[in-house]
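# Structural overview
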Amino acid sequence: MSTLRALARAQAVASGRAQPVATVRHLHLSDRPLVLVPLALAGEANAPLAAMVGAAPDEARLLVVPQPRNRDQRFAFAAELAGVVLPYLDEFRDLTEAVPVDRGRDVRHRYVDAPQLLVPNPAGITFLRLFGRSTRFRRTDGDYPVHQSVPLLGRWLTFFAERAEQPGSSALLALTDALTLHWATGQSVVEDLHLPAVLGWLDPPAGLTGAEAAARAEDPARCPPAGPATDPDFDNRRLAPAIEAYTRAGDDPAARAAAYDELAGLLRDQLAPTWELMWRGVGLLRTLPAGARVTGRWAGDRDAFTAHAEHVDAGGGPQPRRDGAVAAALRLQRLERASTAWAVQRAYDDPLVMAEHRLSGEAFVGEVTLADPARVDDSGKRPVLRPRIQVVTTEPVPMPVGATLYSPARSGQKAKIVFVTPGGDGKTEVVLELSGGMGRGLTAPPGSVPEVGERICLTSLSDGFLPGGAFPAPEETPWTHGGPPGTAAAPQDPAPAEDWS
C-alpha cells in the first residue's frame, strides 16, 4: 500500500466516508455491460446454484439449479446461461472498422465495440474461470452429450477470465476492484472484497457514517453476501430444506412446481440486493470522466475480442488446459509488459496517481524559469533542433545527470538532464535538453517547447513502446522445457457423477 493510499484510508476513517484516490476513471465502462451475479452451492466444487444476469437494471433474469448435485441440471443451467450470454456477445459483431498496420501499408479489421462483463468481486471471476474450464471441453454428441451452446459458452467464459488477468483490461471487471481502484475506504483490503461494505463507505445512507453503513452491511439479513458464496445460516435453515423439498416432490408436477417456485423465491431474495448494488456502483463509476488512455486500452480489448471471435468462427479448438513452455513464457511476458504500461498510463492520466511516484522519487514538478526553444546542436553530421529549458523545483531530484525524463503533457518528447544544481531555500535547478515531439525542422512548433512560467511534471516513467522478447517456435521447445508439444488426445467427457438427490 502506497503512502498516499494509507493516508486516504486514515482520512476515510476520520471523515466517515471513502476518499478519492483518482481524479479520472481508469477503466472503460460499456454503455450496455452484462452484469452477472453468480451463486455456488457450498461444499461442492464450483457447482452453480443460481445466477442473476442482464444488461440493464430492469432486465434481470434469474437462472436456478434446483439440485446443483445433479449433472444434467448443472448443464441445463449452462445452456440457459449461454442463451443469455451468447446473444449478448453477438450484439457487438455487426460493425467493424479498418485499422492501419505496417505504417499504413496495410489494414486489418476489428469490431468497433466489444462486450463487457461485470461481477461483484474477484471470487465471481474465479467462478467464471472454473465454470468455463468445466464446460469448454464437453461433447455435444456421443456419451453424456450437452447442448451445443455449452462448450461455446465455456470458451467465451475462459476468454473473459484470461482477459481479467491482463492489467488494464476492462473486458471482465470485479466491481469491488473497480471501485477501490478509485476510492479508498476506511476498512481493510479483505473487507474491501465485500461489495455492500464498499458501497457503504462510498455512499452511506443519510445519517450514517461509512463505518456504520459497512457494519450494517455485514448483517446477512440486511445485505446477503454478494456471491458466489452464500451465508452458512441461510444454507442450513432455508436453502437445504428448500432443495430437499424439491427433491421429495419427485415426479409430481404440482408439488415440483411449488417447490421450485419457493426455491427460486429464496434465491431471488439473495441475489436482488446485490443486483441493485451492482448498478449503483456502476453509476458511481460513471461520475468520473474517463482517462485519456482508457480508449487505447479498450482498443486492445476489442482486438482480443475480434481475434477470439475469428478463431471460433474458423473452427479453432478450445483453449488448452495448460500452456506449453513457449506459450507460458509469452503469456508471462505479455502480462509483465501490460502491468508496466498500466502503471505508467495511470500516472500519466491522473495527477493523484503521479503524486505517489513523486513521493517515491520517480517524478518531480517544477516551474520553467529559462527556455531556449531555438537552440540547435550542430556537433554531429547535420544540425538538429535541441532546445534547452531550466526547471526549478522544491522536490527532490534523485535522477543522475544524463538520465532521460518524460512529461505526461508531451509524452512523445524526451528530456535529458544536463545539469542539476542545488540552490537556496530548498530549491533545485535542473537544466534539460529536449528531443522529439517537435517535428523534423529546425524550428519548434508553438507549444512543443515548455514556455517560461509553465509548471510541468517530469518523470522517469516511460509510456513508450516495449519490445517483446525472442522465443523459439513451439515445435523447437528445448528438452529442458518439456520438449516439442505432443499431439494429446482430446479430453473425454467423464461419466456423470452420482446423483445425490
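Computed from a prediction, not measured in an experiment: that's the story for all the values here.

### Points about the environment of alanine 18
- One can find alanine 18 in the loop between helix 1 (3–15) and strand 1 (19–20).
- A sequence separation of 168 residues divides alanine 18 from glycine 186, and the C-alpha atoms of the two residues are 6.6 Å apart.
- Filtering out sequence-adjacent residues up to four positions away, alanine 18 remains in contact with Ala12, Trp183, Ala184, Thr185, Trp201 and Leu202.

### Topic: the packing of aromatic side chains
- The tally for this structure, following the rule as stated, stands at nine aromatic pairs.
- Plain terms: the ring middles of phenylalanine 127 and phenylalanine 131 are 5.8 Å apart, the flat faces sit at 10° to each other, and that makes the pair stacked. Of this pair, phenylalanine 127 and phenylalanine 131 both sit in helix 3 (residues 122–135), four residues apart, which is roughly one turn of the helix.
- By relative accessible area, phenylalanine 127 is classed as buried at 4%.

### Overview of the environment of phenylalanine 159
- Mapped onto the secondary structure, phenylalanine 159 falls in helix 4 (residues 149–164).
- Among the residues examined, phenylalanine 159 registers a relative accessible area of 6% and is labelled buried.
- Once the C-alpha coordinates of phenylalanine 159 and tyrosine 260 are considered, the two residues, 101 residues apart in sequence, prove to be 33 Å apart.
- The contacts of phenylalanine 159, once residues within four sequence positions are left out, are Ala304, Phe305, His308 and Gln319.

### Focus: the nonpolar core
- Counting residues in hydrophobic clusters, the biggest one holds 47 residues, and the most contacted among them are Leu179, Trp183, Leu195, Leu239 and Leu267.
- Only strand 2 (34–40), strand 3 (48–54), strand 4 (61–64), helix 5 (175–182), helix 6 (195–202), helix 8 (232–249) and helix 9 (253–286) provide two or more residues apiece to this core.
- The element best represented in this core is helix 9, accounting for twelve residues.
- The next biggest cluster of nonpolar side chains, apart from the first, holds 42 residues, and it includes Ala40, Phe75, Leu81 and Ala114.

### What to know about the sheet that holds strand 8 (residues 172–174)
- If you walk across this open sheet you meet the five strands as 4-3-2-7-8, and the pairing is mixed. Taken across any chain shown, the strands that pair with only one partner, and hence form the sheet edges, are strand 4 and strand 8. Averaged over all pairs of adjacent strands, the angle between strand axes in this sheet comes to 20°, irrespective of strand direction.
- Pairing of strand 2 with strand 3, which is carried by six bridges, proceeds in the antiparallel orientation. Looking across to strand 3, one finds that leucine 39 is bridged to alanine 50.
- Running at roughly 70° to strand 8, helix 5 makes contact with strand 7 (117–119) and strand 8 of the sheet.

### What about unusual backbone geometry?
- With an omega of 0°, the peptide bond between glycine 227 and proline 228 qualifies as cis.
- Its location among the elements puts proline 228 in the loop between helix 7 (210–217) and helix 8.
- Non-glycine residue asparagine 46 carries a positive phi angle of around 55°.
- By the secondary structure assignment, asparagine 46 is in the loop between strand 2 and strand 3.
- Looking at asparagine 46, the relative accessible area reads 18%, which means it is buried.
- Even without being glycine, tyrosine 144 reaches a positive phi, approximately 55°.
- As for its position among the elements, tyrosine 144 is in the loop between helix 3 and helix 4.

Conventions and cut-offs
Residues numbered from 1 in each chain as written. Predicted model: local features only at pLDDT ≥ 70, side-chain atom pairs only at ≥ 80, totals over all residues. Heavy atoms only, no water. Helix = DSSP H or I, 4+ residues; strand = E, 2+ residues; numbered from the N terminus. Contact = heavy atoms within 4.5 Å. Phe/Tyr/Trp six-rings, centres within 6.5 Å; stacked < 30°, edge-to-face > 60°. Buried < 20%, exposed > 50% of the residue type's maximum accessible area, 1.4 Å probe, protein only. Core = buried A, V, L, I, M, F, W, Y, C linked by side-chain atoms within 4.5 Å. Pairing = 2+ DSSP bridges. Axes fitted to C-alpha atoms, helices over the stretch in contact; angles between N-to-C directions.

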